[in-house]
Structures are given as C-alpha cells and as structure tokens.
Amino acid sequence: GCARRSRPSSPKSRAMNADRAVRLSVCVPVYGVERFIGDCARSLFSQSLWDGVEFLFVDDASPDGSIDVLGRVLAEYPGRTRQVRILRHPANRGLAAARRTAIDAARGEWLLHVDSDDLLLPGALARLLARAEEVPAADLIFGSYFASDDPADEAVRRYGVRAPRMERLRLLRTLVSQSHRVANRTWGVLIRRTLCTERGIYPVEGIDFAEDYAVMPRLVHAAREVAAADGPVYGYRLANAGSYMKRLDARAADQYVAANRVVTDYLKGQPDYDLVRDSAMLGRLNIAKWILKRGLRPEEWDRRLFYDGDRPTRLLHRIYAAALECEIPLLARAAGVAANLAG
C-alpha cells in the first residue's frame, strides 16, 4: 500500500484529485459592471474560507472595463490567483448562458451563483458549507440576504430577507405560484451540482428576465431536502439600472411567459404534478396580472400562458381570471389578493 501511494500520479488521476478537492464553485457572470465588480470581487476574495473553493467569472463579451477591474482586484489577493478562472464568450449571450457556462466548467460539489453587482457578506461561504454538513441530505441551502442601493455600506441597507424555512413541497408551491412571498432566486443559494449535471436542470439560454424563476422551482422539486443557513450571507444591489429585473417591456413579458412554460412543462412531466397543479395555475394568473400592471394587455400573452388548454378550476382562480380579462388593474389586484391569500 505504501509503495502504491508513492507512485507519481497520471495527469488523469491528478485532474480527478483536483476535482475532488473542490468543494464549492462560486459562479459570477460579468457584463457591463465596471462600477460594481471591484466590490463584488473583494467580497469574494476576502472570505474566511479558502480551502476547496474556486471562483469562475464568465465574461459575457462585456463592452466595458469590467475584466480589467477584476484583474486589478485579483492582484490585491495573490493567494487567490490559482483559485480563479475567467471564462469568455466571444459574443454576448445573456445571463442564463453565462450561468450555464460556469456550471459546465465547475468542479465543486456545490455551486453558488453571485451576480457581479452584488456582494457576499463576510463569512458567507463558511456559514453555507457548515449548514450543508449539518444537513447532509439537503441539496439546496438558502441564505438570508440584505437588499440595498449600496450593499457595501451597512448603514444604508434597507431591509433583510430571511432564508425560507419551510418544508420542500410548501416551498415549491410558493415559488411556483409567483406570489412573491419567497423570491425565485438562484443567487445566494448553495446548489448541489448534481441537480444540474445528473438531473439536467440548467438555466435556459434566451430567458434572462425571470431566469431564476425558470430554474428554481425545478431545483426545489428535484432536491431531496432544502435547508436554510443562519445569518445573512448576501448583499443584493437595488440600484443597478442595467439589471435585467429593471426591464418592464414587452420583451420582458415574453421571457417571463417563456419561463413559465419551462416550469409548467417540467412539472406536468412529474408523477406528483397534482400536488402543485393549483399553485401552477395561480402562477400563470399572477404573471398575467404582472403584465397588466406594466400597462401591457394580458390577452396578447394569453395563448402562450395557457398554451396547454388548462383553465382555472378553483372558484377564486376563476374570479381572478375574469377580472384579468376585464383589464381593470384595481379589480385584478383585488381578485389577485384574494386568490393569493387562499393559496
């Protein structure tokens, strides 16, 4: 046994050993964030947890100096250099594609998505991985977060959002319903990589607005268990006007409806679809209300939202649908409040 261990390892075995040594892959899409990526990178490179962490930055053909800023910040942390990989798209492909590129390149047991205009809070990686060890059956570990115009400044943090602490089915129904009681977000969540590589759950290229919604319900459904870490781990930036979530136009509505179809098709292919059927219907109605609230006409998206012929069966859902057909925002809002309270 001793002699065998002393033999030089092959390149293949060294690569396998390197893969096993990586516990966590931090995935960061980069596009047009020259103002913010310095703070983001410092928050990553100054984490207390060093061992078994890699940082993957995906340059999605960023038109500004984002990658130059990243390089200068990395030079401040020479000990991190070997843990960092910068992947490049020759042309801009969007947020979902950048996330997919990072996932495909990742070697860690766990993935953590961090948007490049946001921050990780001190000790975040250690807290998330500690919770993963405490709940070994969990495939998703949610972290709490702060939202602020400047998450680097603790004095201006507006509010904290606690990680969801509910059993998996209840969380799935909440996310699918689009009631926004719990945010559909892939950032700030520890994701077991095999949910992607073995269950085939990836971001969908071309769906950048509502990209998280297209992914998170599928991840929660596929997970054995979900858990929440103690304390805040993430700082979410509210003020980035270039963010996908700031877009409120017809193209955003198209992508929101497309994301719904991804989720609905996935759920309808599962043997337990009946457990979430009503929540899925409520989600479609809430998306129609979102469209109406933005000054658009829900009927223009109706055929794509209800592409499979499904229609509401619950009384409150039917009332909600009728209110949306009238295209009166206040009426639709009142009907929506009632439907969402009932669940």
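Counting from 1, residues in each chain are numbered in the order their sequence is written. Whole-chain, interface and lining totals are the exception, using all residues; otherwise, since this is a predicted model, local features are given only for residues with pLDDT of at least 70 and side-chain atom pairs are given and counted only at 80 or more. As a convention, hydrogens and water are excluded, and side-chain values are obtained from all of the structure's heavy atoms.

## Some remarks on the confidence of the model for the protein
We count it as follows: You can read pLDDT as the predictor saying how much it trusts each residue, on a scale of 0 to 100. The contact rule is simple, with two residues in contact once any of their heavy atoms fall within 4.5 Å.
Residues with a pLDDT of 70 or more make up 90% of the protein, whose mean pLDDT is 89. The low-confidence segment residues 1–19, where pLDDT is below 50, has 3 contacts with residues more than four positions distant or belonging to other chains.

## Some remarks on helix α10 (residues 250–268)
Counted only if it meets this: Runs of E in the DSSP output that reach at least two residues are strands. Runs of H or I that reach at least four are helices, and both are numbered from the N terminus. The length a helix should cover is 1.5 Å for every residue beyond the first. Exposure classes here rest on a 1.4 Å probe applied to the protein chains alone. A residue is buried below 20% of its type maximum, exposed above 50%, and partly exposed in between.
Between the first and last C-alpha of α10 there are 27 Å, a value that for 19 residues agrees with the 27 Å anticipated at 1.5 Å per step. Within the span of α10, buried status applies to Ala252, Ala253, Gln255, Tyr256, Val257, Ala259, Asn260, Val263, Thr264, Tyr266 and Leu267.

## Examining the side chain of Ser144
Along the chain, Ser144 falls in strand β6 (residues 138–148). Excluding residues that lie within four positions of it along the chain, Ser144 makes contacts with Val161, Arg162, Ala163, Gly231, Pro232, Val233 and Tyr234.

## Quick notes on the environment of Asp265
Counted only if it meets this: Under this definition, polar contacts are N or O atom pairs within 3.5 Å; protein pairs additionally need one hydrogen-donor-capable and one acceptor-capable atom, and for neighbouring residues in sequence, both atoms have to be side-chain atoms.
Secondary-structure assignment places Asp265 in helix α10. Placed 43 residues apart in sequence, Asp265 and Asp308 show a C-alpha to C-alpha distance of 9.4 Å. Polar contacts involving the side chain of Asp265 include one to the side chain of Tyr307, which spans 2.4 Å.

## A few points about the packing of aromatic side chains
To keep it simple, the criterion reads: For Phe, Tyr and Trp, rings pair up if their centres lie within 6.5 Å, where Trp contributes its six-membered ring, and each pair is then called stacked (planes under 30 degrees apart), edge-to-face (over 60) or tilted (otherwise). Definition used: whenever NZ (Lys) or CZ (Arg) falls within 6 Å of the ring centre and also within 35 degrees of the ring normal, the charge is taken to sit over that ring.
For the structure shown, the criterion picks out 10 aromatic pairs. Ring plane angle 15° and centroid distance 4.9 Å describe the contact between Trp187 and Tyr236, whose orientation is recorded as stacked. Residue Trp187 is found in the loop between α7 (168–177) and β8 (189–192), and its partner Tyr236 is found in strand β9 (residues 225–237); the two are separated by 49 residues along the sequence. Residue class for Trp187 comes out buried when judged on its relative accessible area of 7%. Residue classification places Tyr236 among the buried positions, given a relative accessible area of 19%. Note on Phe209 and Trp290: the rings are 5.4 Å apart at their centroids and 45° apart in plane angle, and the pair reads as tilted. In this pair, Phe209 is assigned in the loop between α8 (194–197) and α9 (211–222) and Trp290 in helix α11 (residues 277–293), connecting sequence segments 81 residues apart. Taking the relative accessible area as the measure of exposure, Phe209 reaches 3% and is therefore buried. Through pairs of rings, three or more aromatic residues link up here, namely Phe45, Phe55, Phe57 and Tyr77. Positioned above the aromatic ring of Tyr202 is the side chain of Arg100, whose terminal nitrogen or guanidinium carbon lies 3.6 Å from the ring centre. The residue whose ring lies beneath Arg311 is Phe306, and the NZ or CZ to ring-centre distance is 4.4 Å.

## With respect to the environment of Gln178
Mapped onto the elements, Gln178 comes out in the loop between α7 and β8. A sequence separation of 108 residues divides Gln178 from Asn286, and the C-alpha atoms of the two residues are 6.2 Å apart. Excluding its chain neighbours within four sequence positions, the residues that come into contact with Gln178 are Asn184, Tyr213, Tyr256, Gly283, Asn286 and Ile287.

## Description of helix α4 (residues 66–75)
For clarity, the threshold we go by: This arc is taken over the directions from the axis of the helix to the C-beta atoms.
Buried residues of α4: Ser66, Ile67, Val69, Leu70, Val73 and Leu74, and no others. For α4, the buried positions fall inside an angular range of 155° around the axis, keeping them on one side. Of the residues in α4, the exposed ones pointing more than 90 degrees away from the buried face are Asp68, Arg72 and Ala75.

## Details of the nonpolar core
To be explicit about the condition: For this analysis, a nonpolar core means a set of buried residues of the types Ala, Val, Leu, Ile, Met, Phe, Trp, Tyr and Cys, connected via side-chain atoms within 4.5 Å.
Formed by 68 residues in total, the largest nonpolar core has its most connected members in Leu140, Phe142, Leu171, Met216, Leu219, Val220 and Ile291. Top contributing element to this core by residue count: α11, with 9 residues. Ignoring any residue separated from it by four or fewer positions in sequence, one finds Leu171 in contact with Phe142, Pro164, Met166, Val182, Val220 and Val226. Core analysis: the second largest hydrophobic core is formed by 42 residues, Leu49, Ile67, Leu112 and Tyr236 among them.

## What about the packing of α7 against α9?
Formally: As a rule, the C-alpha atoms of each element are fitted with a line to give its axis, helices using only the stretch in contact, and angles between N-to-C directions run from 0 to 180 degrees. These descriptions rest on fixed angle ranges, namely under 35 degrees for roughly parallel, over 145 for roughly antiparallel, 65 to 115 for roughly perpendicular, and the rest for oblique. A clockwise turn of the near helix away from the far one marks a right-handed crossing, whereas an anticlockwise turn of less than a right angle marks a left-handed crossing. In the scheme used here, Gly and all other residues not listed as nonpolar or charged are polar, with Ala, Val, Leu, Ile, Met, Phe, Trp, Tyr, Cys and Pro taken as nonpolar and Asp, Glu, Lys and Arg as charged.
Running from N to C, α7 and α9 cross one another at 160°; their axes reach a closest spacing of 9 Å. Overall, the two elements α7 and α9 adopt an arrangement that is roughly antiparallel. Relative to α9, α7 is oriented so that their crossing is left-handed. Listed contacts from α9 to Arg168, Leu171, Leu172, Leu175 and Val176 of α7 are Tyr213, Met216, Pro217, Val220 and His221. Class assignment for the residues of the contact of α7 with α9 results in 8 nonpolar, 1 polar and 1 charged.

## Some details on unusual backbone geometry
Backbone geometry at His180 places phi at a positive 65°, although glycine is not the residue there. With respect to the helices and strands, the residue His180 is situated in the loop between α7 and β8. A positive phi angle, close to 65°, is found at Ala210, a residue other than glycine. Under the relative-accessibility criterion, Ala210 is labelled buried at 9%.

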